[in-house]
2 protein chains.
Amino acid sequence: MPSSDLTDTASRILDAAEHLFAEHGFTETSLRSITTRAGVNLAAVNYHFGSKEALVQAVFERFLTPFCRRLDRELDEAMARGDGQSPPLHDLFGLLARTMLAGVEDSTNDSKLSIFMRLLGLAYTQSQGHLRRFLRDHYDSTYRRFVLLVHQTTPHVSPNELFWRIHFAVGSAVFTMGSVETLRAIARNDTHQDNTLEDILHKLVPFVANALNDDRDH
Amino acid sequence: MPSSDLTDTASRILDAAEHLFAEHGFTETSLRSITTRAGVNLAAVNYHFGSKEALVQAVFERFLTPFCRRLDRELDEAMARGDGQSPPLHDLFGLLARTMLAGVEDSTNDSKLSIFMRLLGLAYTQSQGHLRRFLRDHYDSTYRRFVLLVHQTTPHVSPNELFWRIHFAVGSAVFTMGSVETLRAIARNDTHQDNTLEDILHKLVPFVANALNDDRDH
DNA sequence: GCATCATTCAAACAACTGTTTCAAACGGTT
DNA sequence: AACCGTTTGAAACAGTTGTTTGAATGATGC
């Protein structure tokens, strides 16, 4: 019911798949559960996308392509504002976080962003084979551009040290994202505080930026 | 072939399952692939463990129970040395890292630790339902004890803020160590530097400790 | 109205999943 | 040797998976 009857079959499949993938993972989600939720026939998936693998890629493409385009544009503008100089580390990651939030039209409802985050987490942890290749082939250039900017803003950190710190940082982001909903529930019980996704991102950004910026090599 | 013929059926199943779960995840690993690798009959899993779910739990129990026992003892000793005072943050995580490394008898071979961490990662991201319950029921007390110590050494950080930072930190550790083999290869190509596992832990510990210790709330 | 195309549908497909069955083999005890 | 409980073995089980089929349906252009 969340997807209106106005949209076409392919979009309804993508909507349903997006939700179910984020909730249960890829292999745990059957085509039958997707088509049932979407209210379409089982064969529609293979007809419109060719295979389940292709559907997975289509789900990622639908939200990752606009995201990378937005990020690239944001980076262009930031560079222009700074006369070709890359912005400081906090701004760089703040920009990243804002670009993520910008993809969610309804900012009061976290679910869209939550799905976005979980999918990103899945992409990192569950992607063996075809998905990993797909993501590398399509979005590696944006990723490398961002890393290069981080590199330029932290010239005091050696390349090797920075390499590891970036992966530490990616790890904290990806893992938190991958289980945001669960963690939020635990936090509600534990600390009696309700954190919005925006709150969490605003804690993650300085966490990452500070850790990357430490001027001692280890 | 990796597991010797001397060990009994149950252990050989656990060895095979451990490797395959870490490599492909739970649902992606079939009982047939496990028993084939272990060189035992298919029915042996249900005979010795009862079900696949129970096998998953047994795999976690085999490495998590000794680990938590070691960690508890190490914490006891550290508290005794400090007259009941919890050690500073760097030492606390250094102790954690050493306890992890201690579980790997063959310190020249990283694969055991890598599997350990990958399983921890799976527990984090893929555990819905039975596994999550199992882990909470069995190992939550050790976990809470460690968190409480971290809490006492960082009184300037609010409980909610610390909650999230700890999960950021766990994420970076689990993610990096879980793909340590792959990342080391990339680093060798990228920065022309060969990092031992110990090197990486020595970068990770201050990364985590510094990030947790930041005195501003966000 | 007719032909042509894309789309939908119910049904079946083969392959794989975890689990069960029951006879055979084993090892120790008397 | 005969008995015992424990363990292994090959085979089958029922259920689910992704995918394919071929007929029915719909809309579009002439």
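About the cut-offs
- Residues numbered from 1 in each chain as written.
- Chains lettered and ligands numbered in written order.
- Predicted model: local features only at pLDDT ≥ 70, side-chain atom pairs only at ≥ 80, totals over all residues.
- Heavy atoms only, no water.
- Near = heavy atom within 4 Å.
- Polar contact = N/O pair within 3.5 Å; in protein donor to acceptor, adjacent residues only side chain to side chain.
- Helix = DSSP H or I, 4+ residues; strand = E, 2+ residues; numbered from the N terminus.
- Nonpolar A, V, L, I, M, F, W, Y, C, P; charged D, E, K, R; others polar.
- Contact = heavy atoms within 4.5 Å.
- Buried area = accessible area lost by both parts, 1.4 Å probe.
- Salt bridge = Lys/Arg side-chain N within 4 Å of Asp/Glu carboxyl O.
- Buried < 20%, exposed > 50% of the residue type's maximum accessible area, 1.4 Å probe, protein only.
- Axes fitted to C-alpha atoms, helices over the stretch in contact; angles between N-to-C directions.
- Parallel < 35°, antiparallel > 145°, perpendicular 65-115°, else oblique.
- Left-handed = near helix turned anticlockwise from the far one by under 90°.
- Core = buried A, V, L, I, M, F, W, Y, C linked by side-chain atoms within 4.5 Å.
- Least-squares fit on C-alpha atoms with pLDDT ≥ 70 in both.
- Phe/Tyr/Trp six-rings, centres within 6.5 Å; stacked < 30°, edge-to-face > 60°.

Concerning the protein's contact with DNA strand D
Thinking step 1. With respect to spatial proximity, 15 residues lie near DNA strand D, and among them L31(A), R32(A), K52(A), T9(B) and H48(B) are the closest.
Thinking step 2. Expressed as a percentage, the sugar and phosphate content of the atoms of DNA strand D within 4 Å of the protein is 48%.
Thinking step 3. In this structure, a base oxygen belonging to DNA strand D sits 2.9 Å away from a side-chain N or O atom of R32(A).
Thinking step 4. Contact distances for DNA strand D include 3.5 Å between a phosphate oxygen and a backbone N or O atom of N41(B).
Thinking step 5. Put simply, the parts of the chain that give the surface near DNA strand D at least two residues each are α2 (31–38) and α3 (43–49) of chain A together with α3 (43–49) of chain B.
Thinking step 6. Here the surface near DNA strand D takes three residues from α3(B), the largest share from any one element.
Thinking step 7. For the surface near DNA strand D, the residue count by class is five nonpolar, seven polar and three charged.

Focus: the interface of chain B and chain A
Put simply, an interface is often sized by how much accessible area is lost when its parts join up.
Thinking step 1. Taken together, the contacts link 43 residues of chain B with 43 residues of chain A.
Thinking step 2. Counting each side, the surface lost to burial between chain B and chain A is near 3900 Å², with a carbon and sulfur contribution of 68%.
Thinking step 3. Scanning the region where chain B abuts chain A turns up three salt bridges.
Thinking step 4. Measuring nitrogen to oxygen at the nearest pair gives 3.1 Å for the salt bridge that ties K203(B) to E161(A).

Details of the environment of A102(A)
Residue and element names in this part refer to chain A.
Thinking step 1. With respect to the element layout, A102 can be found in helix α5 (residues 89–102).
Thinking step 2. By relative accessible area, which is 52% here, A102 ends up exposed.
Thinking step 3. Taking C-alpha positions, A102 is 30 Å from T36, a pair spaced 66 residues apart along the chain.

Focus: the packing of helix α8 (residues 159–178) of chain A against helix α10 (residues 197–213) of chain B
Thinking step 1. Interaxial distance between α8(A) and α10(B) falls to 10 Å at its minimum, and their mutual angle equals 60 degrees. Taken together, the axes of α8(A) and α10(B) are oblique relative to one another. Remark: the crossing between α8(A) and α10(B) carries right-handed chirality. Side by side, α8(A) and α10(B) meet where N160(A), E161(A), W164(A), R165(A), F168(A) and A169(A) of the first sit next to I200(B), K203(B), L204(B) and F207(B) of the second.
Thinking step 2. For the contact of α8(A) with α10(B), the class distribution of residues is six nonpolar, one polar and three charged.

Section: the environment of R69(A)
Residues and elements named next belong to chain A.
Thinking step 1. Positionally, R69 belongs in helix α4 (residues 52–81).
Thinking step 2. For R69, a relative accessible area of 51% translates into the label exposed.
Thinking step 3. Sequence separation between R69 and K52 is 17 residues, and the spatial gap between their C-alpha atoms is 26 Å.

Some details on the nonpolar core
Thinking step 1. Counting 150 residues, the largest nonpolar core has L55(A), F60(A), F93(A), L55(B) and F60(B) as its most contacted members.
Thinking step 2. Residue contributions to this core peak at 13 residues, all from α4(A).
Thinking step 3. Sequence-distant contacts of F60(B), that is, excluding residues within four places in its chain, are made with F26(B), T65(B), L119(B), A123(B), L131(B), F134(B), L135(B) and Y139(B).

Remarks on the relation of the copies chain B and chain A
Thinking step 1. Structural alignment of chain B on chain A gives an RMSD of 1.0 Å, achieved by rotating through 178 degrees and translating 0.4 Å along the axis. Seen this way, the second copy is the image of the first under a two-fold rotation axis.
Thinking step 2. Comparing interface residues between copies, 88% of those in chain B also lie at the interface in chain A; the contact surface is shared.

Structural notes on the packing of aromatic side chains
The geometry of an aromatic ring pair is captured by two quantities: the separation of the ring centres and the angle between the planes.
Thinking step 1. Scanning the model with the defined rule gives 20 aromatic pairs over all chains in all.
Thinking step 2. Look at F67(A) and F116(A): their rings are 5.4 Å apart centre to centre, the planes differ by 70 degrees, and that puts the pair in the edge-to-face class. Taken as a pair, F67(A) in helix α4 and F116(A) in helix α6 (residues 111–125) lie far apart in primary sequence, 49 residues in all. Pair check on accessibility: F67(A) and F116(A) agree, each one buried.
Thinking step 3. Note on F60(B) and F63(B): the rings are 5.7 Å apart at their centroids and 40 degrees apart in plane angle, and the pair reads as tilted. Note that F60(B) and F63(B) are positioned in helix α4 (residues 52–81) at a spacing of three residues, about one turn of the helix. For the pair formed by F60(B) and F63(B), the shared burial category is buried.
Thinking step 4. Site record: aromatic cluster; members linked through ring pairs are F21(A), F26(A), F60(A), F63(A), F67(A) and F116(A).

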